[in-house]
Structure formats: structure tokens, C-alpha cells
Amino acid sequence: MNYSTEFKAIPFESLTQEVGERKAQGWRYVQTLAVNCDPGIDLIYSFMNMETGLLENLKVEKLEKGTHAPSISDLYLEAFVWENEIHDLFGINFDGIAIDFHGAFYALSTPEPMTVISPAQKEAKEKAAKIAAAKAAKEAKAKGESAPAAADDMEAKLAGMDPEKAAKVRAAMEAKAKKEKAAAEAAEAAALEEKLAGMDPEKAAKVRAAMEAKAKKAAAKKEEN
């Protein structure tokens, strides 16, 4: 017999149906694994077709810690071991486990230890988020032609409000715009610094000098106006 492996991503909502079909067809349950991804947690359910030699892995992707998932221990009793383990280590809740240890399957000093990230991992994750934010800001800026219409609609709404309330809304909007602009600028700066860090030091120094000269020129022009 030739053995083979396949991975199949399935919607979270169809998990019980997919597992039920394999039970009805005589597939052997192998295991359930949890894997950290970014973002969320993936669950991988493995089944073996003893006639064809196919190991099929059903993958439910990007679940948040604390998600409630249906237990499959009513179909495959042995799954209770994996479900209790994943609950204790990753924080996924399985509803209706045939043998439920209620969080006491392992004696742990740290809850959901497999979801704890190191300072280095946290820094890398935040850096990636800043780069993504900078990219999103750039794309939003490129689509700025639709902004005037949105502004006109908001002004029309404000015109119909009580003047004092309208003033508070305008102040809140301005504060929000400044905060978003600062966050976008910080993200762009972080993305640029990452690029410069990967350059030849001499070339990076020239780029920084050019940027500083450009910034000074823009500041001087602003003062003149």
C-alpha cells in the first residue's frame, strides 16, 4: 500500500459535519494538533483511510484564544485526550468533551503556556504591525480622491447639529486625525528604518542626509509662507 498525506482547510462551521462523514466512512482518527499562527491558532484534525493509505488533515484556521469549538469525542472517544491538552496549553474551549478535566489535565504554572510569546517575538510582531499600518496608510493616501465627498457629508451632518455639540464632534475628529497621522508617520519611519538597516552603512548615511536636507527645506518653506 502506498501512503500519502493531504491537508484540507475547512470552515470552522463545517467541522462536525466533516468529522461525522469520516466516521461514517470508517476512517481512523489519529490526532488533533494545535499550532500557533499569526494571527490566531490553527487546529489540525488527522484521519487515516486504512483502505487507501491516505492521511488526511482537516485544518481549521486562525481561531482566537478562548474560542468555543465543538468536541468530536462523541464520534471518536479518544479525542478527549487531545482536546483537554489543547484547552490547557492553548486556551481553546471544547464544548461537550466526553471526559472533561476542566482545565486540570496538566499542572501548569502559567495558563495557556503555548500562547505566551517572548519579548523578541512581541517586538517582531509589533514591527510587522507597524509596517502593515504604513502600507495601509499609503494605500489610503493613494485613494484620497474620495475624501472630499466624505468630508462634505460630515459637514452636512454637523450643520444640522446643536452648535456646541458640533464643536465637540469637530474637536474629537481633529484629535483623532492627528493621532492617526502620528501613528502613520511613526509606522512609515519604522518601515524606512528597517530598509536603511539592511543597506550598506555608507549608502544608508547618504539617504539619511538627503532626507534631513529635504526636511529642512520643507520646514524653511513652511516658515516663509
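As shown above, the structure is provided for reference.
Residues numbered from 1 in each chain as written. Predicted model: local features only at pLDDT ≥ 70, side-chain atom pairs only at ≥ 80, totals over all residues. Heavy atoms only, no water.

(A) Representation of the pattern of salt bridges in the model. Summed over all chains, the structure comprises five salt bridges. Taking the shortest distance from any N to any O, the salt bridge between arginine 22 and glutamate 56 comes out at 2.8 Å. Linking arginine 22 in helix H1 (residues 15–24) with glutamate 56 in strand S4 (residues 54–63), this pair joins segments that are 34 residues apart in sequence. For the pair shown, arginine 22 and glutamate 56 are each scored as buried. (Salt bridge = Lys/Arg side-chain N within 4 Å of Asp/Glu carboxyl O. Helix = DSSP H or I, 4+ residues; strand = E, 2+ residues; numbered from the N terminus. Buried < 20%, exposed > 50% of the residue type's maximum accessible area, 1.4 Å probe, protein only.)

(B) Spatial organisation of helix H2 (residues 79–90). Its 12 residues give H2 an end-to-end C-alpha distance of 16 Å, which sits within 8% of 16 Å, the value for a rise of 1.5 Å per residue. Listing the buried residues of H2 in full gives Ala79, Phe80, Glu83, Asn84, Ile86, Asp88, Leu89 and Phe90. Its buried side turned inward, H2 meets strand S2 (28–36), strand S3 (41–49), strand S5 (68–70) and strand S6 (93–95). Backbone geometry just downstream of H2 places glycine 91 in the positive-phi region, at approximately 85°. (Expected span 1.5 Å × (residues − 1). Contact = heavy atoms within 4.5 Å.)

(C) Main features of the sheet that holds S4. Ordered by their spatial adjacency, four strands build an open sheet running S1-S4-S3-S2, and the pairing between neighbours is mixed. The open sheet has two edge strands, strand S1 (4–9) and S2, and neither has a second partner. Taken pair by pair, the neighbouring strands of this sheet meet at an average axis angle of 20°, ignoring direction. Relative to S4, S1 runs parallel, the two sharing six bridges. (Pairing = 2+ DSSP bridges. Axes fitted to C-alpha atoms, helices over the stretch in contact; angles between N-to-C directions.)

(D) Expanded view of the pairing of S2. Here S2 pairs with S3 via eight bridges, running antiparallel. Bridge assignment links valine 35 to a residue of S3, and that residue is aspartate 42. Linking two consecutive strands that pair antiparallel, namely S2 and S3, is a turn of four residues; a positive phi of about 90° is found at glycine 40 within it.

(E) Structural context of unusual backbone geometry. Located in the positive-phi region is lysine 62, a residue other than glycine, with phi close to 55°. Looking at where lysine 62 falls in the secondary structure, it is placed in strand S4. A positive phi angle is found at histidine 102, which is not glycine, with a value near 55°. On the secondary structure map, histidine 102 appears in the loop between S6 and helix H3 (119–142).

(F) Region of interest: the packing of aromatic side chains. Enumeration over the complete set of coordinates arrives at five aromatic pairs. Their ring planes at 80° and their centres at 5.0 Å tell us that phenylalanine 101 and phenylalanine 105 sit as a pair that is edge-to-face. Among the residues examined, phenylalanine 101 registers a relative accessible area of 36% and is labelled partly exposed. What makes phenylalanine 105 partly exposed here is its relative accessible area of 25%. With 5.1 Å between their ring centres and 85° between their planes, phenylalanine 105 and tyrosine 106 make a pair best called edge-to-face. An aromatic cluster of at least three residues, connected via ring pairs, comprises Tyr29, Phe47 and Tyr76. The ring of tyrosine 76 has lysine 23 lying over it, and the distance from NZ or CZ to the ring centre is 4.8 Å. (Phe/Tyr/Trp six-rings, centres within 6.5 Å; stacked < 30°, edge-to-face > 60°. Lys NZ or Arg CZ within 6 Å of the ring centre and 35° of its normal.)

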